[in-house]
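Residues per chain, in single letters:
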Amino acid sequence: MAGRIVLTAGPAAWGGAQPLAVTLNGGVALCIEVDPHRAERRLETRYIDTISTSTDDAVSLVVAAAKGT
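Residues numbered from 1 in each chain as written. Predicted model: local features only at pLDDT ≥ 70, side-chain atom pairs only at ≥ 80, totals over all residues. Heavy atoms only, no water.

Caption draft 1: Region of interest: the pattern of salt bridges. Considering all chains together, one arrives at one salt bridge under this definition. Asp-35 is the salt-bridge partner of Arg-38, the closest N and O atoms lying 3.8 Å from each other. Exposure remark for Asp-35: the relative accessible area of 28% places this residue in the partly exposed category. (Salt bridge = Lys/Arg side-chain N within 4 Å of Asp/Glu carboxyl O. Buried < 20%, exposed > 50% of the residue type's maximum accessible area, 1.4 Å probe, protein only.)

Dropping the structure here:
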């Protein structure tokens, strides 16, 4: 999955398994979560690397990560 971006929704309800699986396989996950508390919990437990409230910022982050920059 290196260099690939995976878009998914609601990772907090699944315990963060999807973003973790994508990352462990060399991909980059863009996860949409509407509950800020759940997103913060996944950040604290390191299932996700960052939180963004801006779509443009989030897309820039995942594109840069997929390019390895």
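Caption draft 2: The environment of Ile-5, seen in detail. Its place among the elements puts Ile-5 in strand S1 (residues 5-9). Since its relative accessible area comes to 40%, Ile-5 is described here as partly exposed. Through-space distance from the C-alpha of Ile-5 to that of Val-62 is 7.0 Å; in sequence the pair is 57 residues apart. (Helix = DSSP H or I, 4+ residues; strand = E, 2+ residues; numbered from the N terminus.)

Caption draft 3: Broad picture of the confidence of the model for the chain. For the chain, per-residue confidence averages 89 on the pLDDT scale, and 91% of positions sit at 70 or higher. Within the chain, no element has a lower average pLDDT than helix H1 (residues 17-24), which sits at 87, and none a higher one than helix H3 (residues 55-67), at 96. (pLDDT = per-residue confidence, 0-100.)

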